[in-house]
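# Chains, contacts and geometry: an overview
Chain residues, written in single-letter form:
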Amino acid sequence: MTTSVDSFADLGLSQSLLKTLAEIGYETPSPIQAQCIPLLREGHDIIGMAQTGTGKTAAFALPLMESIDAKLMKPQALILTPTRELAIQVAEALQSYARNLPGFHVLPIYGGQSYTIQLKQLARGAHVVVGTPGRVMDHLERQTLNLDHLKTLVLDEADEMLRMGFIDDVEWILEHTPEQHQTALFSATMPEPIRRVAQKYLVEPKEVRIKSATATVAAIRQVYWQVSGLHKLDALTRILEVEDDFDAAIIFVRTKTATVELADKLAARGYAAAALNGDLNQQMRERVIEQLKSGALDIVIATDVAARGIDVSRISHVVNYDIPYDTEAYVHRIGRTGRAGRAGNAILFVAPREIRMLRTIERATRQPIAPLTLPSRADVTNKRVAAFKEKVAEVLGAEGLDFFANIVSQIAEEQDVSAEEIAAALAMMAQEGKPLQIAGEDPASHANSRPAFRDDRRPPGFAERENKPRSDNRGERPRFEGRDNQPRFEPRGERPRFEDKPRRPPASGDMVRYRIDVGRDHGVQVKDIVGAIANEAGIDSRFIGRIGLYDESSTVELPAGMPPEAANALKRTRVRGVPINLRPDDGRPDVHPNTGGERKFKKKPFADR
Ligand code: AMP
């Protein structure tokens, strides 16, 4: 770990928050928390260079919650996030930290949600508002969101907001907030425009970054599985079952609660597993480690702190069930395997949003981590059958078979069946409760020849809607038609205005041009279209090709082969309150597909971002 702070109590947090953290099982502050919390408590502005997985949410959420006056039902903190998913996730995190703060209220507001609901919620009041820039700006313009009592402003994933074209909105919001407040800016990277914003709007900010010291981990086979399609627990048991040289494993999770839960679940599936966490006293801890050494236990589920210094040579596998906070923790964790000259295996589970952390780890360890193809049901069955055959072969060589052979002959005669049929019946009896086949359907395998967090079945660019990734897509990209290409059709001699902000063009793959029913007359800008489509279709904004803005409609190029659920979502999407009615561009921009007549749009006052 990059920090020597071992306890949240050392960070000056109140008893009620400390109680909550203990209840939800946080043992120690993550490095980013250890550095940010005291600075924010002291009132500094901060720039936090941190990505998802580092624990950055709690790093800003806990101190800002300490500064809230619960009796004052007015927004005292505003958190800006690039997407609605993140807004909801951050709001949920705050709500969970507020379990012992009665009356604490956090409100997520984002584009796509009805204004009526949001206006009602805003009128009711909230201590913290978490929102996407466009929608927050609309509410500020409309004066339905009042920031007169603002104490803290957080810009979460600032580089993502930049990438999605929201930086002007963010600056607008910064211009329209009262001067006296603390600002915390979090960003995984520091591109120039973000630095400029920080220089302009933050006051003597303290910079916080987590170390990513390089380290060698040469002898260990490192693989990762991108979490999707299958529950982590099911994936874990499948992987453990087919790993060839499995002897014993240490599985790392983040919270004490998770160590116990996972140990129970694995034990229920027949594994000799136990939890190792900071709640165990020294004697109990030593006992667990002894049991692992002796073979009484095969799997130990541990937190980072509890597993410090474990030296058990039979640990063949380390599983990072939850991704570590930083590269140093990763190196410590995987150092538990490959000991005493034995081979070691490190398996990392990576959620789509954590891909950036995976890349950071690769850079720090100077080694690529290979994608792991999840074993299929057939793989598991084959493995179980092979083990079964081996067991049978062993027994065939054992003494005392004659007695049973005699019984088999009797059954064959009495039942008039073959020895094979009897053997099959016996095999079935032997495997009762331990099926050789797994029931259910196989999820798509994620061999990751594509960008790591993409679903293999999807064309490049489309994410699963549940797990909308937004960052760090370094795989192949759809082809982008030259920026200078004229649109195939220009309605009524009117020249479209193409996006003026350069986005990185996709490099490969076919693009399809679509027509949407919003244009310049609706006050729509390119960023509105990008934001709405990125959010609704789960498509990374850099896969969105050229956008042509006309008066009453626009064109947008998207990767070919859009999955039906994304197409459906886009049919319902609204931009500036107008349904976009996305459809392949037939070159008839302003003719309604149903009526064939000219369309008139009713302008709505607010952007739907
Ligand atoms: P974040 O990087 O903020 O998205 O956090 C990633 C995950 O780490 C979330 O599931 C948090 O609940 C969890 N987490 C954050 N801080 C801690 C901590 N100190 N101990 C255990 N888990 C944590």
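Values in this document were obtained by computation on a predicted structure and should not be read as measured data.

### Some points on the site of the ligand
The full set close to the ligand counts 15 residues, and Y26, Q33, G53, T57 and R254 are the nearest of them. One of the side-chain N or O atoms of Q33 is found 2.7 Å from a nitrogen atom in the ligand. In this structure, an oxygen atom belonging to the ligand sits 3.2 Å away from a main-chain N or O atom of K56. For the ligand, whose accessible area on its own is 500 Å², the fraction buried by protein is 79%. Counted by class, the shell around the ligand contains 4 nonpolar, 9 polar and 2 charged residues.

### A short note on helix α18 (residues 526-537)
Over its 12 residues, α18 runs 16 Å from end to end, which matches the ideal 16 Å to within 8%, given 1.5 Å per residue. Taken residue by residue, α18 has V526, K527, D528, I529, V530, G531, A532, I533, A534, N535, E536 and A537 as its buried positions. Looking one or two places after α18, you find G538, whose phi comes out positive at around 65°.

### Details of the sheet that holds strand β11 (residues 299-302)
With parallel pairing, the 7 strands of this open sheet are ordered in space as β10-β11-β9-β12-β13-β8-β14. Either end of the sheet is taken by a strand with one partner, and the two such strands are β10 (273-276) and β14 (370-371). Here strand β8 (residues 220-226) pairs with strand β13 (residues 344-350) via 7 bridges, running parallel. Bridge pairing links R221 to N345 in β13. Across the sheet, helix α10 (residues 232-242) touches β8, β9 (248-252), β11, β12 (315-320) and β13, and the angle it forms with β13 is around 160°. Along the sheet, helix α13 (residues 327-334) makes contact with β8, β9, β12 and β13, crossing β12 at roughly 155°.

### Description of the pattern of salt bridges
Tallied over the full model, the rule gives 29 salt bridges. R353 is paired through a salt bridge with E157; the nearest N and O atoms lie 3.2 Å apart. Of this pair, R353 sits in the loop between β13 and α14 (355-365) while E157 sits in the loop between β5 (152-155) and α7 (158-163), placing them 196 residues apart in sequence. The exposure classification of R353 matches that of E157, with both residues buried.

### Section: the side chain of S316
As for its position among the elements, S316 is in strand β12. Classification of S316 by relative accessible area gives buried; the value is 5%. Among the polar contacts made by the side chain of S316, one reaches the main-chain amide nitrogen of D247 at a distance of 2.7 Å. Filtering out sequence-adjacent residues up to four positions away, S316 remains in contact with D245, F246, D247, A248, T337, A343, G344 and N345.

### Describing the sheet that holds strand β1 (residues 46-49)
Strand order in this open sheet of 7 strands is β3-β4-β2-β5-β6-β1-β7, and the pairing throughout is parallel. On the outer flanks of this sheet lie β3 (106-109) and β7 (206-209), each paired with one strand and no other. Each neighbouring strand pair of the sheet contributes to a mean axis angle of 15°, computed without reference to strand direction. Direction of pairing for β5 relative to strand β6 (residues 182-187): parallel, over a ladder of 4 bridges. Paired with V154 across the bridge in β6 is A184.

### A short note on the environment of L374
Along the polypeptide, L374 turns up in the loop between β14 and α15 (377-396). Remark: the alpha-carbon pair of L374 and Q226, spanning 148 residues in sequence, is separated by 9.2 Å. Excluding anything up to four places from it in sequence, L374 contacts W225, L230, A235 and I239.

### Looking at the pairing of β1
Side chains on a regular strand alternate between the two faces of the sheet. Here β1 shows no split at all, with I46 and G48 on one side and I47 and M49 on the other all buried. Bridge analysis of β1 against β7 gives 4 bridges, and the strand direction is parallel. Bridge pairing in β7 places I46 opposite K206. Bridge analysis of β1 against β6 gives 4 bridges, and the strand direction is parallel.

### Considering the packing of aromatic side chains
Applying the stated criterion across every chain yields a total of 6 aromatic pairs. With centroids separated by 5.2 Å and ring planes inclined at 70°, the aromatic side chains of W225 and F349 adopt a geometry described as edge-to-face. One end of the pair, W225, is in strand β8; the other, F349, is in strand β13, with 124 residues separating them in the sequence. W225 sits in the buried class, given a relative accessible area of 0%. What makes F349 buried here is its relative accessible area of 1%.

### Quick notes on the nonpolar core
Grouped together as the largest cluster of nonpolar side chains are 57 residues, with contacts concentrated most on L78, L155, L185, I544, V556, L558 and L582. With 7 residues, the single largest contributor to this core is α18. If we ignore the near neighbours within four places in the chain, the residues touching L78 are V129, V136, L147, L150, T152, L153, V154 and I173. Formed by 41 residues, the second largest nonpolar core is a distinct cluster that contains L13, L40, V90 and V208.

### A few points about the pairing of strand β16 (residues 511-516)
Burial analysis of β16 places 5 of its 6 residues in the buried class, which makes it a mostly covered element. With 2 bridges connecting them, β16 and strand β21 (residues 583-584) associate as antiparallel partners. When the bridges of β21 are listed, R515 appears paired with R583.

### Considerations on a nonpolar patch on the surface
Among the surface-exposed residues, V392, V395, L396, L401, F403, F404, I407 and I411 lie close enough to one another that they form a single nonpolar patch of about 700 Å² accessible area. The set of elements that each furnish at least two residues to the nonpolar patch consists of α15 and α16 (401-415). A total of 5 residues in the nonpolar patch trace back to one element, the largest contributor, which is α16. Within the secondary structure layout, V392 lies in helix α15. For V392, a relative accessible area of 35% puts it in the partly exposed group.

Rules used throughout
Residues numbered from 1 in each chain as written. Predicted model: local features only at pLDDT ≥ 70, side-chain atom pairs only at ≥ 80, totals over all residues. Heavy atoms only, no water. Near = heavy atom within 4 Å. Polar contact = N/O pair within 3.5 Å; in protein donor to acceptor, adjacent residues only side chain to side chain. Areas by Shrake-Rupley, 256 points an atom, 1.4 Å probe, with all protein chains shown as cover. Nonpolar A, V, L, I, M, F, W, Y, C, P; charged D, E, K, R; others polar. Helix = DSSP H or I, 4+ residues; strand = E, 2+ residues; numbered from the N terminus. Expected span 1.5 Å × (residues − 1). Buried < 20%, exposed > 50% of the residue type's maximum accessible area, 1.4 Å probe, protein only. Pairing = 2+ DSSP bridges. Contact = heavy atoms within 4.5 Å. Axes fitted to C-alpha atoms, helices over the stretch in contact; angles between N-to-C directions. Salt bridge = Lys/Arg side-chain N within 4 Å of Asp/Glu carboxyl O. Phe/Tyr/Trp six-rings, centres within 6.5 Å; stacked < 30°, edge-to-face > 60°. Core = buried A, V, L, I, M, F, W, Y, C linked by side-chain atoms within 4.5 Å. Patch = residues over 30% accessible without salt bridge, like charges linked within 9 Å, V, L, I, M, F, W, Y side chains within 5 Å.

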